[in-house]
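Coordinates in review
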Amino acid sequence: MKLSVIGCGYLGAVHAAAMAEIGHDVIGIDVDSAKIEALQEGRAPFFEPGLPEILTSARDSGRLKFSTQLSDVRGSTVHFVAVGTPQKKGENAADLTYVDAAIHSLLPYLAPGDLVVGKSTVPVGTAARLAELVEATGASLAWNPEFLREGFAVKDTIAPDRLVYGVPEGEAGEKARAQLDEVYARALSNDTPLVVTDYATAELVKVSANAFLATKISFINAMAEIAEVTGADVTQLADAIGFDARIGRRFLNAGVGFGGGCLPKDIRAFSARAEELGRGESVAFLKEVDAINLRRRQRVVDVVVEELGDSPFEKKVAVLGLAFKPDSDDIRDSPALDVAVQLHGRGADVSAFDPEAMANSAKRYPQLAFADSADDALKDADIVVVVTEWKEFRELDPSAVAELVNGKIVVDGRNCLDAVAWREAGWRYRGMGRP
Ligand code: UGA
């Protein structure tokens, strides 16, 4: 099929490349000419494992092109809208400027029978509002939320764990479904579960999935807070409750909390939308989820300051990790970066290192000191703080690190280190919600 993808950020660039990889002809559009130039040359504009490989192979096949000109969508019959919906400045609600602009500017290029497919995460009610505009051109609108995880985005796009289509009623809906079935023929032939539903349900599936995941993380972090005052071990607690198949162990890792471009802003936007709908109380718990999450960052900072005898001033703190999670260079709402900035603000001499997120972090917080390597960050450190669980940090040899530092104190903000091994190597180990 001939597809266009409007918006080539973390979501759109991967979607465009993955769709070309599975055999479609794809044109990716973005207003950012530097990004388009990189993509055209087969270079990923951000770190995502597997993306450079599929960008190159799709480009070499001639099936993947990029452009800054929206008019280049002409000839495509299915148009994916994958622009961002960030949090509004000073408000909890989602900023729909980019989605609205993308749909409006697409209208002149739509032909009757075309399908516009929203992939962006939007407040419930958005698709119904935009459908009228799209239908006036003879095209139709579907909402097809995306569940990809950064770090696994290529796999999640090519082989998703489920597909959700929000389609209009009647014949238009049947046709939209048939078009999407053709787009996703490969995944469907592999028995990928499919839910075909209305716009509102499709929009809600996305935000409620992220709200559930955020709640699960904050639940275990709340247990960590209780563990901290009782001497219990939250990691053992998570293992034990996780054996219950109804609960499950995944997303029960307590630590510095969740961040990124999705979970934090999605739960806030969901609260704001529920309030607009007069149902604020239904998701009032999400405010608590957010509050618990933000307290965990503070907790890591407090433990570090406490371990430094309440005087962090000019103490060298090695901060390992800046990205919001491993295998990503994304620092949006990153708890790790927040901890580094807060410690810097408390007067500590922070030396930060991340395998991929250094450039993004330096652009955002040039006042922080960035090390060239983990060893460089660790050299003469009075305390070590691990806040993103990169493999490189998880596999640090505590005896070797002991040779580099000035003080053998480690704060494991992700509960990702082997506490016994670090203690045996002479370290004072502080985990999150662990004795
Ligand atoms: C999240 C969802 O997992 C995806 O399904 C969704 O498509 C995506 O948002 C989106 O809306 O686009 P992502 O933001 O890539 O994906 O990251 P997650 O893997 O969900 O992790 C989010 C945060 O939670 C990270 O900071 C991570 O470190 C933290 N986390 C995760 C924990 O603190 N504990 C856990 O047990 C799991």
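Scroll up to find the structure.
Bear in mind that the values here come from a model prediction, so they are computed numbers and not experimental data.

For the rest of this paragraph, the subject is helix α10 (residues 234–242). When we look at burial in α10, the residues that qualify are V234, T235, A238 and G242. Looking straight down α10, one finds its buried side chains confined to an arc of 105°; they lie on one side. Residues Q236 and A240 are exposed on α10 and point more than 90 degrees away from its buried face. Looking at the buried side of α10, the elements it contacts are α9 (199–230).

Notably, E314 is not glycine yet its phi reads approximately 60°, a positive angle. Structurally, E314 is set in the loop between α12 (285–307) and β9 (316–320). Since its relative accessible area comes to 60%, E314 is described here as exposed. Phi at D380 is positive, roughly 65°, even though this residue is not glycine. Within the secondary structure, D380 sits in the loop between α15 (374–378) and β12 (383–386). Classification of D380 by relative accessible area gives partly exposed; the value is 46%.

Where burial is concerned, most of strand β10 (residues 349–353) is hidden: 4 out of the 5 residues are buried. Summarising the sheet, β9 and β10 pair through 5 bridges and their orientation is parallel. Looking at the pairing, A318 lines up with S351 of β10. In this view, the connection linking β9 to its parallel neighbour β10 by way of helix α13 (residues 335–345) has right-handed handedness. Inspection of the sheet shows β10 paired to strand β11 (residues 369–370) by 2 bridges, in the parallel sense. Across the sheet, S351 pairs through a bridge with A369, a residue of β11. A crossover connection joins β10 to the parallel β11 through helix α14 (residues 358–364); in handedness this β-α-β unit is right-handed.

Scoring rules and cut-offs
- Residues numbered from 1 in each chain as written.
- Predicted model: local features only at pLDDT ≥ 70, side-chain atom pairs only at ≥ 80, totals over all residues.
- Heavy atoms only, no water.
- Buried < 20%, exposed > 50% of the residue type's maximum accessible area, 1.4 Å probe, protein only.
- Helix = DSSP H or I, 4+ residues; strand = E, 2+ residues; numbered from the N terminus.
- Arc of directions from axis to C-beta.
- Contact = heavy atoms within 4.5 Å.
- Pairing = 2+ DSSP bridges.
- Right-handed = clockwise from strand over helix to strand, strands pointing away.

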